[in-house]
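Breakdown of the fold
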Amino acid sequence: MAQKWRVPSFSPSNRAKKPPPPLTDAKLRDLALHYVGRFATTRAKLAAYLSRKIRERGWDDAQPPDLQALAEQFAELGYIDDASFAAMKGAALTRRGFGTRRVGEALRAAGVEEEDSAPALDDAAAERWASADAFARRKRLGPYAAAPVERDKRDKHIAAFLRAGHNYAMARRWIDAAPGEMPEREE
């Protein structure tokens, strides 16, 4: 009978990993540069990321780091632009079929301030009909359904529209549309 290969107990994978050294001001700046180079982000998201890294690794300085000042400095340098992030995120969510309320919630969660998110919310409101159409098509609801909606499923379909950030009137209009018939457009 063939014997199975066993990993010896002295292999490198069995040794305890040495924890990374605590962060310094230079290392924190390097982490921030790497993060903004990889991800589209906001000042608030960058500060939260750096705060998490400090909690994980510790801080090796008597003075606590000023994460907000670092995020503001990156914004001044053009590495972070909350308004551009809001426009990009809002447009992406709208194309996927999410309504204005859901777009606003996503931007607030990302830490985008009201004056930076206002144009994105205006664009989402202007595209609400196309957004509802995209949502109905993606979920196969209303005019994109295979069969008329049953009475007990109607409330669930309306709830799906509401969770996606659309208002009740818009949800009813799309759900009440017969399969194959587009609802009358509202302006």
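Use the structure listed above.
Residues numbered from 1 in each chain as written. Predicted model: local features only at pLDDT ≥ 70, side-chain atom pairs only at ≥ 80, totals over all residues. Heavy atoms only, no water.

**Description of a positive patch on the surface**
Here is the rule we go by: Like-charged residues within 9 Å of one another, or nonpolar side chains (Val, Leu, Ile, Met, Phe, Trp, Tyr) within 5 Å, are grouped into patches, provided each residue has over 30% relative accessible area and no salt bridge. Only the protein chains shown count as cover for residues, and the accessible areas themselves come from Shrake-Rupley with a 1.4 Å probe. Salt-bridge detection follows one rule: a side-chain nitrogen of Lys or Arg within 4 Å of a carboxyl oxygen of Asp or Glu. Counted as positive: Lys and Arg. Counted as negative: Asp and Glu. His and the chain ends are not counted at all. For the purpose of locating charges, the reference atoms are NZ of Lys, CZ of Arg, CG of Asp and CD of Glu. Note on conventions: DSSP H or I runs of at least 4 residues are helices, E runs of at least 2 residues are strands, and numbering of each starts at the N terminus. Think of it in three bands: with a 1.4 Å probe and only protein chains considered, a residue is buried below 20% of the maximum accessible area for its type, exposed above 50%, and partly exposed in between.
Judged by side-chain charge, Lys-45, Lys-89, Arg-96, Arg-102, Arg-138, Lys-139 and Arg-163 come together as a positively charged surface patch. Note that Arg-96 resides in the loop between α4 (82–95) and α5 (100–109). On the basis of relative accessibility, which here comes to 47%, the residue Arg-96 falls in the partly exposed class.

**Some remarks on a nonpolar patch on the surface**
Together, Leu-33, Leu-77 and Tyr-79 make up a nonpolar patch on the protein surface, roughly 300 Å² of accessible area in all. Mapped onto the fold, Leu-77 is located in helix α3 (residues 67–77).

**Comments concerning the side chain of Thr-94**
Applied cut-off: Any pair of N or O atoms that falls within 3.5 Å is considered a polar contact. Within protein, one atom must be able to donate a hydrogen and the other to accept it, and sequence-neighbouring residues count only if both atoms are side-chain atoms. By the convention used here, residues are in contact when the closest approach between their heavy atoms is within 4.5 Å.
By the element assignment, Thr-94 lies in helix α4. A polar contact of 2.8 Å, which involves the side chain of Thr-94, links it to the backbone oxygen of Gly-90. The contacts of Thr-94, once residues within four sequence positions are left out, are Val-103, Ala-124, Glu-127 and Ser-131.

**Topic: the pattern of salt bridges**
Applying the stated criterion across every chain yields a total of nine salt bridges. Where Glu-56 meets Lys-53, a salt bridge forms, and the shortest distance between an N and an O atom there is 3.5 Å. Note that Glu-56 and Lys-53 are positioned in helix α2 (residues 43–57) at a spacing of three residues, about one turn of the helix. In this structure Lys-53 comes out as buried when scored by relative accessible area, which is 19%. Of the charged contacts, one joins Asp-176 and Arg-154 as a salt bridge, the two residues approaching to 2.9 Å between their closest N and O atoms. Taken together, the positions of Asp-176 in the segment after α9 (168–175) and Arg-154 in helix α8 (residues 151–163) put the pair 22 residues apart, joining distant regions of the chain. Exposure remark for Asp-176: the relative accessible area of 42% places this residue in the partly exposed category. By sharing partners, the salt bridges in this structure join Arg-43, Glu-72, Asp-82 and Asp-116 into a single network.

**Observations concerning the side chain of Thr-42**
Along the chain, Thr-42 falls in the loop between α1 (25–38) and α2. A polar side-chain atom of Thr-42 sits 3.1 Å from the main-chain amide nitrogen of Lys-45. The contacts of Thr-42, once residues within four sequence positions are left out, are Ile-80, Asp-82, Phe-85, Ala-110 and Val-112.

**With respect to the packing of aromatic side chains**
The condition that has to hold: Stacked, tilted and edge-to-face pairs are distinguished by plane angle, under 30 degrees for stacked and over 60 for edge-to-face with tilted covering the rest, among Phe, Tyr and Trp rings (Trp via its six-membered ring) whose centres lie within 6.5 Å.
Evaluated as defined, the whole model comprises five aromatic pairs. Each ring, one from Tyr-35 and one from Phe-39, has its centre 5.2 Å from the other, and the planes form 50°; the classification is tilted. Considering the side-chain rings of Trp-129 and Trp-174, the 5.1 Å spacing of their centres and the 45° angle between planes classify their relative orientation as tilted. Pair noted here: Trp-129 is in helix α7 (residues 128–139) and Trp-174 is in helix α9, with a separation of 45 residues, a long-range link. Both residues of the pair, Trp-129 and Trp-174, count as buried. Joined through ring pairs, the aromatic side chains of Tyr-35, Phe-39 and Tyr-49 make up one cluster.

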